[in-house]
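Coordinate inspection notes
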Amino acid sequence: MGTTPTRGRTLRRHQRLPSEGPTVPAPLPTTRHRRTDDLAATDPATANLPAGRPAADGTDPGTAPAGLVGRLGEGLAAALTGRRSAWVMLGVFMVLLVAVAGGMRGTGPAAGMDALPAGSESSRAAAIADSLEGSRYQPVFAVVTRDDGAELTAEDAAAVETLRAELAAVSGREGVGPMPAEDGEADLVMTTIDSEADEEAIDAMIADLRAAADGSVPEQLSVSVTGGPAVGSDIRGAFAGADFTLLAVTIAVVALLLLVTYRSPILWLVPLSIVALADGAAGALTSSLGERFSLAFDAGVISVLVFGAGTNYALLLISRYREELHVHREHRAALATAWKRTAPALLASNVTVVLALLTLLAAVMPATRGLGIAAAAGLLLALVAVLFPLTALLAVVGRHVFWPFVPRPGNAGARRDDAEHGPFAAVARIVTRRPAVAAVVSLVLMGVLATGLIGTRVGLSQDEQFASATESSTGFSAMAAHYGAGESAPHQVVVREDRAGTVEAALRIAEAVPGIDRASVSGTTDGGWAVLSAVGSAEPESPAALAEAEGLRTALHARSGTDALVGGTTASAMDVRADSTRDLLVVAPMILAVVLLVLVFLLRAVVAPLVLLTMNVASSVAAIGLGLWAGRLLFDIPALDVTVPLLAFLFLVALGVDYTIFLVHRARHEAAAHGTTEGMVRAVGSTGVVITSAGVVLAAVFAALGVLPLVVLGQLGLIVGLGVLLDTLVVRTVLVPALFALLGDRMWWPSRPTTAHLA
């Protein structure tokens, strides 16, 4: 392209490989005159840098690409690390992040993880039922039992009468009851509240009803206020402060791990402050996107992704920066070199994950589709924050931020070469001596872990969805125990009312379905629809209740002219299951195709990407099985939530390929000089520490999802966290080196590592 060769390229041209004898000193290249402010002044210390010396992060120690991209990288590196320009760049990007964090905050996601497509049968049934006159007033129940489990006495019955009057006075609506249970051990009263009021008003009303209930019954009685509005209030109450708790736990975990990694009381504050600011900006941006485009997603997952990925990016950049400080006297030159060498790998990693996330646009579940858009936006902000303001801040604070272990050129020669003598290189060398044994043992281990999937029930019932019991769930359990499990959440059926005999036929058909105790008409709409209530005998959202809902749909859909729709709590869960299964079958292959294409493009090979992707899939399945074992044995989680498999698979494959890119990028470079097997050993040795550190950070950050009250989020965090550790410690350290030793140069087919290079 007509540019002057850089020093790294000059060194490689004139130096010999170790097998060729003594190294001939490399002449310094001619460089252009630059302003002092431009930084990247040539540092004499780099003349002693051996060609091909591995970087700890696995990035290519070679030169930046020539041409327009190379000149752009040189210019950005100079601007980010210059004496005056670093301050300018830091100020500009900090202002931008603060402006996004403060000026773009919207009302947040339109719905949560359980949102259903508007076109689903249960959603259409709910929309018709909501048009019933008076449907805005939803029932709230108070379930009364004795603490000793005995039958209620006459005195207790009088207290229930008082309770009914108190609840009616608080709600301003009629009180209904008492409704004693057949076993005599429970009683029930009911009132209604305005479900179309704002959430704060509903929460205040539920709190007042509960206070009135607690104050109107004697000490020997327990009363639980439950019902749809109470459930919603409990969910909001459970999440009140949960986001702050999640943020605090995430920051504490990241801070501790950064402190252990860097062994500096100062350095950890630098990346943490930038990533925290990026998280604030991402939260505001995704909140605005959620409001503008009616996206459904969980904000806690976005925060975890931004912190996890941002910290990983920072670890890789700072690791390379520390390496360069051992060979550059000027810290700005070291940082500029580190940025130019690391930025392409970080960009490739980020683009891979973002593209994988965008495949979620093909999903039909609103929460899955919304998460793809929001998470992609958050990860792009995390990358920008690390590549620009973090780099500028490192330039400003200088080398001494690593105190007390400040890297200097003088001790570079005494440092251990991890590619040859590091602990990860030692493990990889043992593995490659008997690669078949290592591969078989690794695959058997993953197979054993995957057995956690065998016999696992898919789908959590209504009372299994919270990490801890709420008053509304306690009330539903009491209703199920004393009144019949289906009383708390009847199936909802809508049929055409303006056609003769339709309603009567629908009632007969519904009552003939196995498990349905009775069916009745709840009301009619102005649009010619009748809304029916079909009370089942099974616990809502349980397998038996799902069979009831399926039976209702099959029987009613077979009757022509009814246009029947079956909705309700259980039918909604059935639709979530069906749509989530469809999304898994459609989106998972798209994720694999995206990752495979990226690996083929980066490695200029076919065999290696196929092998690596296969191992990634096997690792993901094993991780889900391991998470299920741990969930059952340690946290008493009885089933796998229907939305978890796709999200866990996405994060495990997309985030796992990050480490694949860093490792195999290094291995391809090393293979050109040392052969495929030894090159992989050296690559594992060079990248082992930083990849393991990044994996531990990412796993710990995902584990922080366990502080949230929903089991689905804790389960997702557990599976992904364990999966990242499995991928980091077993797949990257043992299985991948074993497979590369077995296949040798065939891994790079159709190219060869000595003649082809990476994109």
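Residues numbered from 1 in each chain as written. Predicted model: local features only at pLDDT ≥ 70, side-chain atom pairs only at ≥ 80, totals over all residues. Heavy atoms only, no water.

Details of the environment of M590
Short version of the rule: Helix and strand assignments come from DSSP, with helices taken as H or I runs of at least 4 residues and strands as E runs of at least 2, each series counted from the N terminus. Note on contacts: a residue pair qualifies if any of its non-hydrogen atoms lie within 4.5 Å across the two residues.
Among the secondary structure elements, M590 is positioned in helix α19 (residues 569–603). Between the C-alpha atoms of M590 and L358, which are 232 residues apart in sequence, the distance is 9.8 Å. Apart from the residues within four sequence positions on either side, M590 is in contact with T359 and A362.

Some remarks on the packing of helix α14 (residues 423–433) against helix α23 (residues 711–743)
Rules: With axes taken as lines fitted to C-alpha atoms, and helix axes fitted only over the stretch in contact, angles between N-to-C directions fall between 0 and 180 degrees. Any angle between 65 and 115 degrees counts as roughly perpendicular, while under 35 counts as roughly parallel, over 145 as roughly antiparallel, and the rest as oblique. Here is the rule for handedness: rotate from the far helix to the near one, and if that takes an anticlockwise turn smaller than a right angle the crossing is left-handed, while a clockwise turn gives right-handed. When residues are grouped by polarity, Ala, Val, Leu, Ile, Met, Phe, Trp, Tyr, Cys and Pro land in nonpolar, Asp, Glu, Lys and Arg in charged, and all others, Gly among them, in polar.
With their axes 9 Å apart at the nearest point, α14 and α23 run at an angle of 45° to one another. Between α14 and α23, the interaxial angle falls into the category oblique. As for the relative orientation of α14 and α23, their crossing is right-handed in sense. For the pair α14 and α23, contact is made by F424, V427, V431 and T432 and by T733, V734, P737, A738 and A741, respectively. Considering only residue class, the contact of α14 with α23 consists of seven nonpolar, two polar and no charged.

Details of the packing of aromatic side chains
Defined as follows: Pairing of aromatic rings covers Phe, Tyr and Trp, the last through its six-membered ring, and needs centres within 6.5 Å; plane angles under 30 degrees mean stacked, over 60 mean edge-to-face, and all others mean tilted. Burial status follows relative accessibility: with a 1.4 Å probe on protein chains alone, a residue under 20% of its type maximum counts as buried, one over 50% as exposed, and anything between as partly exposed. Throughout this description, the term charge over a ring refers to an Arg CZ or Lys NZ atom that lies within 6 Å of the ring centre and within 35 degrees of the ring normal.
Evaluation of the coordinates by the stated rule reveals five aromatic pairs. Seen from their ring centres, F651 and F702 are 5.6 Å apart, and the 50° between their planes marks the pair as tilted. Pair noted here: F651 is in helix α21 (residues 644–674) and F702 is in helix α22 (residues 676–703), with a separation of 51 residues, a long-range link. Taking relative accessible area as the criterion, F651 reaches 2% and is therefore assigned buried. Put simply, the rings of F93, W339 and F388 touch in pairs and so form one group of aromatic residues. Here R496 stacks its cationic end above the ring of W529, 4.5 Å away from the centre of that ring. Positioned above the aromatic ring of F601 is the side chain of R604, whose terminal nitrogen or guanidinium carbon lies 4.8 Å from the ring centre.

Some points on the pattern of salt bridges
Worth spelling out the cut-off: Think of a salt bridge as a Lys or Arg side-chain nitrogen and an Asp or Glu carboxyl oxygen that are within 4 Å of each other.
For the structure shown, the criterion picks out 20 salt bridges. Connected through salt bridges with shared partners, the residues E121, R553 and D575 form a single ionic network.

Some details on the sheet that holds strand β1 (residues 137–146)
Put simply, the rule reads: In this scheme, strands are said to pair when DSSP sees at least two bridges between them.
Overall, antiparallel pairing links the three strands, which are arranged β2-β1-β3 in an open sheet. Since the sheet does not close on itself, it has two edges, and those belong to β2 (186–194) and β3 (221–226), each with one partner. Between one strand axis and the next, the sheet turns through 20° on average, direction left out of account. Where β1 lies against β2, nine bridges are found, and the strand directions are antiparallel. The residue bridging V143 from the neighbouring strand is L188, located in β2. Running over the sheet, helix α6 (residues 199–216) touches β1, β2 and β3 and is turned about 150° from β2.

A closer look at the sheet that holds strand β6 (residues 516–524)
Within the open sheet, the four strands sit side by side as β6-β7-β5-β8. Their pairing is antiparallel. Both edges of this open sheet fall to β6 and β8 (565–567), since each of them pairs with a single strand only. Strand-to-strand twist of the sheet, defined as the mean angle between neighbouring strand axes without regard to direction, takes the value 25°. Bridge count between strand β5 (residues 491–496) and strand β7 (residues 529–536): six bridges; the pairing is antiparallel. The partner of V495 across the bridge, within β7, is A530. Strand contacts of helix α18 (residues 543–557): β5, β6, β7 and β8, with the helix running at about 10° to β5, the strand carrying the most contacts.

Describing the side chain of S171
Operational definition: Side-chain atoms alone can form a polar contact between residues adjacent in sequence; in general such a contact is a pair of N or O atoms within 3.5 Å, and within protein one must be able to donate a hydrogen while the other accepts it.
On the secondary structure map, S171 appears in helix α5 (residues 154–171). Of the polar contacts made by the side chain of S171, one reaches the backbone oxygen of A168; its length is 3.5 Å. A polar atom in the side chain of S171 sits 3.2 Å from the backbone nitrogen of R173.

Brief notes about the nonpolar core
Heads up, the rule is: Think of a nonpolar core as a cluster: buried Ala, Val, Leu, Ile, Met, Phe, Trp, Tyr and Cys residues, connected wherever their side-chain atoms sit within 4.5 Å.
Judged by nonpolar contacts, the single largest core of 159 residues is most densely connected at L357, L394, I591, F651, F702 and F740. For this core, the leading source of residues is α21, giving 19 residues. Setting aside chain neighbours within four positions, we find F740 in contact with A608, L612, V664, T676, T677, M680, M747 and W748. Core analysis: the next-biggest nonpolar cluster, separate from the first, contains 22 residues, A510, I516, L546 and M574 among them.

Points about helix α16 (residues 471–483)
Here is the rule: Here a helix's expected span is defined as the number of its residues, less one, multiplied by 1.5 Å.
Between the first and last C-alpha of α16 there are 18 Å, a value that for 13 residues agrees with the 18 Å anticipated at 1.5 Å per step. Looking one or two places after α16, you find G484, whose phi comes out positive at around 110°.

Some remarks on the pairing of β5
Most of β5 sits inside the fold, with five of its six residues counted as buried. Here three bridges tie β5 to β8, and the two strands are oriented antiparallel to one another. Note that in β8 the partner of V494 across the bridge is L565.

Examining a nonpolar patch on the surface
Note the following rule: Patch members must show over 30% relative accessible area and no salt bridge, and they are joined within 9 Å when carrying like charges or within 5 Å when they are nonpolar side chains of Val, Leu, Ile, Met, Phe, Trp or Tyr. Values of accessible area rely on a 1.4 Å probe in the Shrake-Rupley scheme; residue burial ignores everything except the protein chains shown.
Residues L347, V351, L355, L358 and L361 make up a contiguous nonpolar surface patch of roughly 390 Å² in combined accessible area. Here L347 falls in the partly exposed class, since its relative accessible area comes to 46%.

Nothing here speaks to function; it is all geometry.
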